[in-house]
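Structural description and commentary
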Amino acid sequence: MEFTAKQIADYIGGKVEGDENATINTFAKIEEGRKGAISFLSNPKYYHYIYDTEASIVLVNKDFAPEKPVKATLIRVDNAYECVARLLQLYAAAKPRRQGIDPLASIAPTAKIGDGAYVGAFACIGDGVTIGANTQIYPHTVIDSGVTIGEGCLLYPNVTIYNGCKIGNNVIIHAGSVIGADGFGFAPGNDGYDKIPQIGIVTIEDNVEIGANTCVDRSTMGSTVIKKGAKLDNLIQVAHNVEIGENTVMSAQVGIAGSTKIGSWCMFGGQVGIAGHIHIGDRTSFGAQSGVPGNTKGNQTLIGTPPMEPKAYFKSQAIFRKLPELYKEINELKKQVEELRNK
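Below: a short report on this structure. (Residues numbered from 1 in each chain as written. Predicted model: local features only at pLDDT ≥ 70, side-chain atom pairs only at ≥ 80, totals over all residues. Heavy atoms only, no water.)

1. Considerations on the sheet that holds strand E15 (residues 142-143)
The strands making up a sheet are joined through hydrogen bonds of the backbone, oriented either antiparallel or parallel. As a reminder, the rule being used: Strand pairing is defined by DSSP finding a minimum of two bridges between the two strands. The helix count covers DSSP runs of H or I at least four residues long, the strand count covers runs of E at least two residues long, and both are numbered beginning at the N terminus.
Reading across from one edge, E9-E12-E15-E18-E21-E26-E29-E32-E35-E38 is the order of the 10 strands in this open sheet, with parallel pairing throughout. Only two strands of the sheet have a single neighbouring strand rather than two, namely strand E9 (106-107) and strand E38 (291-292).

2. As for helix H2 (residues 80-94)
Note the threshold: Expected span of a helix, by definition, is 1.5 Å for each gap between consecutive residues, and there is one gap fewer than residues. Buried, partly exposed and exposed residues are distinguished by accessible area as a fraction of the type maximum, computed with a 1.4 Å probe on protein chains only: under 20%, between the cut-offs, and over 50%, respectively. Arc definition: it is the arc formed by the directions from the helix axis to the C-beta atoms. For this analysis, residues touch if any pair of their heavy atoms sits within 4.5 Å. Two N or O atoms form a polar contact when they lie within 3.5 Å of each other; inside protein one atom must be a possible hydrogen donor and the other a possible acceptor, and for residues adjacent in sequence the pair counts only when both atoms belong to side chains.
With 15 residues, H2 should cover 21 Å at 1.5 Å per step; its first-to-last C-alpha distance of 21 Å lies within 8% of that length. Taken together, the buried positions of H2 are occupied by Ala 80, Cys 83, Val 84 and Leu 87. An end-on view of H2 places all buried positions within 100 degrees of arc, on one side of the element. Of the exposed residues in H2, those oriented more than 90 degrees away from the buried face are Tyr 81, Gln 89 and Ala 93. Lining the buried residues of H2 we find helix H1 (5-12), strand E4 (26-27), strand E5 (37-41), strand E6 (57-61) and strand E7 (73-77). Of the residues flanking the start of H2, the one acting as N-cap is Asn 79, its side-chain oxygen 3.1 Å from the backbone nitrogen of Tyr 81.

3. Digging into the layout of surface pockets
Convention followed: Here the term cavity refers to a set of points on a 1 Å grid, laid over the protein atoms alone, in which a 1.4 Å probe fits but cannot get out; the term pocket refers to an open set having protein on both sides within 12 Å along at least five of seven lines, with lining residues being those that place an atom within 4 Å of a point. Grid points are joined across faces, edges and corners, and a volume is the space filled by probe spheres set on the points. Residues are sorted three ways: Asp, Glu, Lys and Arg are charged, Ala, Val, Leu, Ile, Met, Phe, Trp, Tyr, Cys and Pro are nonpolar, and all the rest, Gly among them, are polar.
If you add up the space inside the largest pocket, you get close to 660 Å³. With 3 residues, the single largest contributor to the lining of the largest pocket is H2. In terms of residue class, the lining of the largest pocket is built from 9 nonpolar, 6 polar and 5 charged.

The structure is reproduced here in structure tokens:
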């Protein structure tokens, strides 16, 4: 399908600067732009590409001021990054959805599959499972007994959902993720460690997206909960009885220990580690590789281990780099003091 600059501008509320009849049929990064593609520019680091890009249309912020002529047609918007996301969503939604039950799928007689759903080859659907309308279950995915999955969900290949877990509407779970494996619960005994049965479940609310090879453990009792709108990247570990608040986002390799409660609208950089049995306040942001040993209040940005305000963190790092020199100076001072004492 082709769209003109005018059609796109009308859809996203932008203003065309250039040929409003310029057409596009695909997307491209600005540095790889080609004729018939739409690109976007929001990061100043990429400004220089706009003068040479072959893209037919480029989305730019309203305050973008070119230093020389631009041959591409521009569409000025309030937020170019947000607008390209809306266009990509529209593009993805236009793709045909898979439907129907593959004859190689294994579906228990007591399972209920909603209208317009898709179940791929070698997927396994257990007893008492309920799958909502228009949900897509890709090949080799396993859904154990008693699981409930809402409408419009998308489960990619090799996802495993253990028994009794509850998945809301419009949830996306990427390949290889495991939902509902046992929490890491063991009691030390005389002969080793006795396993503590994990009899709870995992509850994933609406509009959550979970990346590839991420694990969300079932609770010891009750439920591990991921609230609506949360977005988890690849390779994240969510332990038993954790609660992740609404619209919280986490980058790859975040690890959260058991029974921790995380507020809404939080942001976690890559490899952040969170201790167990603590509370993270709403709208808390952690820089990459931060280690969080205790409770934090909300509405703050923290970096490091233990986490601190960015200004204090960077001051501390500057001092840390000077420690070898300071160590030598202290030793010299100690020698001088000792000499003075001897005199």
